[in-house]
Amino acid sequence: MYWQLVTPLVLVLGLIVGSFLGALTYRIPRGISISDGRSFCPRCKKTIAWYDNIPLVSYIILGGRCRNCRSKISIRYPLIELTTSVLIFLTYVQAIACIGADKNIVCEYFSRFGWWSLPYLWIMIILLVAIFIVDLEKKIIPDEFSLSLFVLAVVGIVIGGFDDFYLRVLFGFLVASFLLFLHLLTGGRGMGLGDVKLALFAPVVLGDWRNVFVWISGSFLVGAVVGTVLIALRRGSFGKPIAFSPFMVISFLLVMFLSDKIRMILPVFL
Ligand SMILES: [Zn+2]
């Protein structure tokens, strides 16, 4: 294979997609069309030149400030670009490491779809990052995102010929029902309906009930840890709602990449 050639291309692809996601997650919740012209500085309204719009690189060269008015550029852009490219690159590296082995969720898809599993999982990751950002910033999960994920997950197991189709979908509805129960119990403060709809897709992808169990309990665990840290830092307080979907996304990605290792740590009752 042409690893030496493909590897830098994957990194560049990740940065470009990350840059696109930065703009998309800014525009969609604000009702601005994606095709609505080029990016501009929110303060001086000057259109950003292409050479000042190179993912990650431009932010560093410009020292995080607009070339025209020197106002600060939000850190969200380089963060989103970096995170997206790291996740896309990790999936690629993991797929290469899967050859001749059948290990975690990424490998399970790789063994069925070959290299097609990469664009498939990349689209899934892009949607997850988008949900993470929009829910964190705007406290909403657009239905287009969560339902696209569910459809993507179902199409994947149908085309991949997974024989436990009904079980996977059933798990999806079981977890979603559990979150819906929490939603009703807390009067919508602890858990949003957006979270309920988002939860449908993950069990379809993760399959095995042990993965599903680790994913959903992991979501609450990550949420508890982050919540405690925020309260300790006096950035949050009890009763003040924080978005739940970012924890589901983090836990999902951990299980997707580490399901084999998690199984080794938890053999006692799983
Ligand atoms: Zn400016």
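Each chain carries its own residue numbering, running from 1 in the direction its sequence is written. Selection of residues for local features in this predicted model requires a pLDDT of at least 70, selection of side-chain atom pairs for listing and counting requires 80 or more, and totals for whole chains, interfaces and linings are taken over all residues.

Below, the discussion takes up the overall build of the chain. Secondary structure assignment for the chain yields 11 helices and 0 strands. Reading the chain from its N end, one meets helices and strands in the order α-α-α-α-α-α-α-α-α-α-α. Here the C-alpha atoms of the chain give a radius of gyration of 20 Å, agreeing with the 18 Å that 2.2 N^0.38 yields for 270 residues. If you line up the chain on its principal axes, its C-alpha atoms span 60 × 55 × 35 Å. To assign burial, the other C-beta atoms lying within 10 Å of each residue's own C-beta are counted, with C-beta atoms placed from the backbone; 20 or more indicates buried, 12 or fewer indicates exposed, and intermediate counts indicate partly exposed. The proportion of buried residues among the 270 residues of the chain is 34%. Within the chain, counting contacts between residues at least 6 apart in sequence, those at least 24 apart form 66% of the total. What counts as a helix is a DSSP run of H or I of at least four residues, what counts as a strand is a run of E of at least two, and both are numbered from the N terminus. Here the radius of gyration uses the C-alpha set of atoms, whereas the globule reference equals 2.2 Å times the residue count to the power 0.38. Placing C-beta atoms from the backbone, we regard two residues as in contact once those atoms come within 7 Å.

Turning next to the nonpolar core. Of all hydrophobic cores here, the largest spans 60 residues; its most connected members are Leu128, Val129, Ala130, Ile131, Ala199, Phe201 and Phe252. A per-element tally of this core places helix α5 (residues 117-138) first, with 14 residues. Domain start and stop positions are those given by an automatic or database domain assignment. Each of domain 1 (1-80) and domain 2 (99-270) accounts for three or more of the residues forming this core. When sequence neighbours within four positions are dropped, the list of residues in contact with alanine 130 reads Leu21, Leu24, Thr25 and Phe145. Among buried residues, those of type Ala, Val, Leu, Ile, Met, Phe, Trp, Tyr and Cys that are joined through C-beta atoms within 7 Å form a set called a nonpolar core.

Quick look at the domain arrangement of the chain now. The assigned domain composition of the chain is domain 1 (1-80) and domain 2 (99-270). Each of domain 1 and domain 2 has a C-alpha centre, and these two points are 27 Å apart. Residue-level contacts link 7 residues of domain 1 with 8 residues of domain 2. With 4 residues, the single largest contributor to the side of domain 1 that touches domain 2 is helix α1 (residues 3-27). Basically, the charged four are Asp, Glu, Lys and Arg, the nonpolar ten are Ala, Val, Leu, Ile, Met, Phe, Trp, Tyr, Cys and Pro, and anything else, Gly included, counts as polar. Tallied by class, the residues present in the side of domain 1 that touches domain 2 amount to 6 nonpolar, 1 polar and no charged.

Moving on, we come to α5. Taking 1.5 Å per residue as the helical rise, α5 with its 22 residues ought to reach 32 Å, and the 31 Å between its terminal C-alpha atoms agrees with that figure. Burial of α5 is extensive: 16 of the 22 residues sit out of reach of the surface. Phi turns positive, to about 60°, at lysine 139, one or two residues after α5. Expected helix span is taken as 1.5 Å per residue step, with the number of steps being one fewer than the number of residues.

Turning our attention to the environment of glycine 37. Of note, glycine 37 is situated in the loop between α1 and α2 (57-61). Note on glycine 37: 8 C-beta atoms within 10 Å, which makes it exposed. Along the primary structure glycine 37 and serine 146 are separated by 109 residues, whereas in three dimensions their C-alpha atoms are 27 Å apart.

Structurally, valine 134 can be placed in helix α5. Residue valine 134 is classed as buried on the basis of its C-beta count, with 22 C-beta atoms lying within 10 Å. Along the primary structure valine 134 and isoleucine 16 are separated by 118 residues, whereas in three dimensions their C-alpha atoms are 19 Å apart. Those residues in contact with valine 134, other than ones at most four positions away along the chain, are Thr25, Ile28, Pro29, Ile140, Ile141 and Pro142.

The next subject is the packing of helix α3 (residues 76-98) against α5. To describe two helices that pack against each other, one gives the angle between their axes and the distance between the axes. Packing of α3 against α5 leaves a shortest axis separation of 10 Å and a crossing angle of 150°. Relative to α5, α3 is oriented roughly antiparallel. Viewed along their axes, α3 and α5 form a crossing whose handedness is right-handed. Each of Ile80, Thr83, Thr84, Leu87, Ile88, Thr91, Tyr92 and Ala95 in α3 lies in contact with α5, whose residues at this interface are Ser117, Leu118, Leu121, Trp122, Ile125, Val129 and Ile133. Each residue belonging to the contact of α3 with α5 can be placed in one class, and the counts come to 11 nonpolar, 4 polar and no charged. Fitting a line to C-alpha atoms yields each axis, with helices limited to the stretch in contact; the angle taken between N-to-C directions then spans 0 to 180 degrees. When describing relative orientation, an angle under 35 degrees is termed roughly parallel and one over 145 degrees roughly antiparallel, while 65 to 115 degrees is termed roughly perpendicular and anything else oblique. In this scheme the handedness of a crossing depends on how the near helix is turned from the far one: anticlockwise by less than a right angle means left-handed, clockwise means right-handed.

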